[in-house]
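A structural walkthrough
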Amino acid sequence: MILKNLIYITYQTFPANTANSLQTISNIKYIKKKGVNVKLIFPLRESESTDQIDEINKHYGENIHFEAHGTKHNYPFGKFKFQKRFFYIVSHFMWSKNISIKMVKNYIPGDCFFTRSDWVFYFLSKRNVPVIFECHQYTKLRKYIMSLGLKSSESKVIFLNENLKIDYEKKYRLNSNYSILHNGVDEELFQNTKKNKNQIIFVGKLTRFGKSRNIDFLIRAFSKLDNSYKFKIIGATKEEVQFYKNIFNKLNLSDRIEILEYMNHKKVIKYICESEIGILINSSDNQHSTRYTSPLKYFEYLYGDVKVVAANFTSHKNLPFSQNISFFDTDDENSFINSIVNTKSISNLNQLDKELISLAKRSEKIIGLFGN
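Here's a quick rundown of the structure. (Residues numbered from 1 in each chain as written. Predicted model: local features only at pLDDT ≥ 70, side-chain atom pairs only at ≥ 80, totals over all residues. Heavy atoms only, no water.)

Turning next to the packing of helix α3 (residues 84-105) against helix α4 (residues 118-126). At a minimum axis separation of 8 Å, α3 and α4 run at an interaxial angle of 35°. In this structure, the crossing between α3 and α4 has a hand that is right-handed. Taking contact as the criterion, the partners of H92, F93, W95, S96, K97, I99, S100, M103 and V104 in α3 are, on α4, D118, W119, V120, F123 and L124. Here the residues of the contact of α3 with α4 sort into nine nonpolar, three polar and two charged. (Axes fitted to C-alpha atoms, helices over the stretch in contact; angles between N-to-C directions. Helix = DSSP H or I, 4+ residues; strand = E, 2+ residues; numbered from the N terminus. Left-handed = near helix turned anticlockwise from the far one by under 90°. Contact = heavy atoms within 4.5 Å. Nonpolar A, V, L, I, M, F, W, Y, C, P; charged D, E, K, R; others polar.)

Another aspect to go through is the sheet that holds strand β13 (residues 277-280). As summarised here, the arrangement of the six strands in space is β12-β11-β8-β13-β14-β15, forming an open sheet in which the pairing is parallel. Where the open sheet ends on each side, the last strands, each with one partner, are β12 (257-261) and β15 (326-328). Ignoring strand direction, the axes of neighbouring strands in this sheet form an average angle of 20°. Examined bridge by bridge, strand β8 (residues 199-203) and β13 share two bridges and lie parallel to one another. Across the sheet, the residue bridging to I200 is I277, located in β13. The strands touched by helix α7 (residues 215-222) within the sheet are β8, β11 (230-236), β12, β13 and β15, with β11 carrying the most contacts at an inclination of about 165°. Of the strands in this sheet, β8, β13 and β14 (307-311) are in contact with helix α11 (residues 296-303), which crosses β13 at around 165°. (Pairing = 2+ DSSP bridges.)

What follows deals with the pairing of strand β2 (residues 37-43). The buried fraction of β2 amounts to five of the seven residues, a majority that puts the element mostly inside the structure. Strand direction decides the pairing type here: strand β1 (residues 5-9) and β2, joined by five bridges, are parallel. Within the sheet, the bridge partner assigned to L6 lies in β2 and is V38. Crossover handedness for the path β1 to helix α1 (residues 19-33) to β2: right-handed. Where β2 lies against strand β3 (residues 67-71), five bridges are found, and the strand directions are parallel. Directly across from I41, in β3, lies its bridge partner H69. With respect to chirality, the unit in which β2 leads through helix α2 (residues 53-60) into the neighbouring parallel β3 is right-handed. (Buried < 20%, exposed > 50% of the residue type's maximum accessible area, 1.4 Å probe, protein only. Right-handed = clockwise from strand over helix to strand, strands pointing away.)

This brings us to the pattern of salt bridges. In the structure shown here, the tally under the stated rule is 17 salt bridges. Here R142 ties to D118 by a salt bridge, and the two come within 2.8 Å at their closest N and O atoms. Linking R142 in helix α5 (residues 140-149) with D118 in helix α4, this pair joins segments that are 24 residues apart in sequence. On the accessibility criterion, R142 (15% relative accessible area) is buried. The class for D118 is buried, based on a relative accessible area of 6%. The salt bridge partner of K270 is E274, with a shortest N-O separation of 2.6 Å. Of this pair, K270 and E274 are both found in helix α9 (residues 265-274), four residues apart, which corresponds to roughly one turn of the helix. The class of E274 is buried, set by a relative accessible area of 13%. (Salt bridge = Lys/Arg side-chain N within 4 Å of Asp/Glu carboxyl O.)

Put into structure tokens, the structure is as follows:
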């Protein structure tokens, strides 16, 4: 089957200052480049949510022509400050069921579905229409939902890394109805840029799942590096910028550390390309971080010839080209300092086959899955 029409259904909302929403938009961009018509369907569950293409493109710094349809979100998630997790699950289930019923009712043979929602995957699989679920996280509930969805011969799963696939398969046997695809890079955003010697960069939100990404540790450890190193943190909120600027002043680090708010992707890539060292760090309390994550910024660091320093997590060790990563032990300042110094021995980044981590290659593989 040649993929012509892809309906991308997700419980995410747009635009948003999140890596996962950026990943969705970037994947749509490159699937479109392969000649596929794409329609994005999502809930308008935030006050800033919109399906106006001009607004979405402006937020992400893009110029993609695709169809977007935001649906009303008359569900409890987002309306109460208590029991957020419970209301998320209930609302996600209800929205997924209703939108899937509508999609199947209007289904035209040849249409294919792609989703990051396990419930959408389940409800579409019950109707035996072609659907791929991209799995980014592991939960016992998701594991069960996926097992039901995969009873359909038309249903397939993309795992973001090998660990997700292994932990899923401990109970449910997989045949050829899956693929392992790490994140990919939008190569159009990269340019040859002069490196700022000893410039370190961290890109991303300062919290994940409501917990700190251990930024305070980074600052403490960085303060013990010699003065030749500079540090940029990109992705903070206005409140976080002010909070950390006050800390930098107290620690006499204002001339060495710069913290910036969220900015569009093109600007972020420029800062990445200017840097020499990029950091991957997260809280060690979360299984997603330690075992399942496949950070988009890691692949962008590689594509920008940035040397990578990463927390010693299983997820990081299983990343492509991880032999080039300089690892450090969590909460060990001396280990972090040594990992920075050890990047001096990394010299072969320009020899990596960067096409393998491109969104162009990733989109080809996604399209190919529908044809298998």
